[in-house]
Amino acid sequence: AAAAAAATAAALSSSTHSSSKDTMADAAASAQQSVMLARVTKVLGRTGNTGNVTQVRVEFMDNDPRSIIRNVKGPIREGDVLCLLEWEREARRLR
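Within each chain, residues carry numbers counting from 1 in the order of the written sequence. Predicted model: local features are reported for residues with pLDDT of at least 70 only, side-chain atom pairs are reported and counted for 80 or more only, and whole-chain, interface and lining totals are derived from all residues. To get the side-chain values, all heavy atoms of the structure are used, and hydrogens and water are removed first.

Caption draft 1: Spatial organisation of the overall build of the protein. In terms of regular secondary structure, the protein is built from 1 helix and 4 strands. Only runs of H or I of at least four residues qualify as helices and only runs of E of at least two qualify as strands under DSSP, and these elements are numbered from the N terminus. Its helices and strands taken in sequence order, the protein reads α-β-β-β-β from the N to the C terminus. Of the roughly 7100 Å² that the protein leaves accessible, carbon and sulfur atoms contribute 54%. The Shrake-Rupley method, run with a 1.4 Å probe sphere, supplies the accessible areas, and residue values consider only the shown protein chains as cover.

Caption draft 2: Looking closely at the pairing of strand 2 (residues 53–60). When a residue's accessible area, from a 1.4 Å probe over protein chains only, is under 20% of the maximum for its type it is buried; when over 50% it is exposed; and in between it is partly exposed. Within strand 2, 6 of the 8 residues are buried, which leaves the element mostly enclosed by the surrounding structure. Across 8 bridges, the pairing between strand 1 (residues 36–47) and strand 2 is antiparallel. By the bridge assignment, Val40 is partnered in strand 2 with Val58. For two strands to be treated as a pair, DSSP must find no fewer than two bridges joining them. The hairpin turn running from strand 1 into strand 2, its antiparallel successor, is 5 residues long, and Gly48 in that turn takes a positive phi close to 95 degrees. Looking at chain direction, strand 2 and strand 3 (residues 67–73) are connected through 7 bridges and run antiparallel. When the bridges of strand 3 are listed, Thr54 appears paired with Val72. The loop that links strand 2 with its antiparallel partner strand 3 comprises 6 residues.

Caption draft 3: Seen up close, the sheet that holds strand 1. Spatially, the 4 strands line up as an open sheet ordered 3-2-1-4, and their pairing is antiparallel. Two strands in the sheet have a free side with no partner beyond their single neighbour: strand 3 and strand 4 (81–84). Neighbouring strand axes in the sheet, compared pairwise and without regard to direction, differ in orientation by 45 degrees on average. Two strands pair when backbone bridges link them, and strand 1 and strand 4 are joined in this way by 4 bridges, in the antiparallel orientation. The axes are straight lines fitted to the C-alpha atoms, using for helices just the contacting stretch, and the angles between their N-to-C directions are given from 0 to 180°.

Caption draft 4: Representation of the pattern of salt bridges. Between Lys or Arg on one side and Asp or Glu on the other, a salt bridge is scored when a side-chain nitrogen of the former is within 4 Å of a carboxyl oxygen of the latter. Following the criterion strictly, the structure yields 3 salt bridges and no others. Note that Arg66 and Asp64 form a salt bridge whose closest N and O atoms lie 3.4 Å from each other. In this structure Arg66 comes out as partly exposed when scored by relative accessible area, which is 33%. Between Arg89 and Glu86 there is a salt bridge; the shortest N-O distance is 3.4 Å.

Below, the structure is given as structure tokens:
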């Protein structure tokens, strides 16, 4: 009886584990579909209280010739490619 209970528990845990894997794979696939690639065309300057954020002008890499200004945290230079999860908002210009 103990062996049957152990086998049932193992089967349940493996089926639960595979369904969570499927859910994670679905989430990753949907996240990849909502990503926009943009190339940094110009570094505009540093911003933020301590200067730890850089404002850059990016140009989308799809057929859309549109360019917007974004704030980037971390090292960045012209020619880098950003993976934007949200591409509708534009950062305010530096003062």
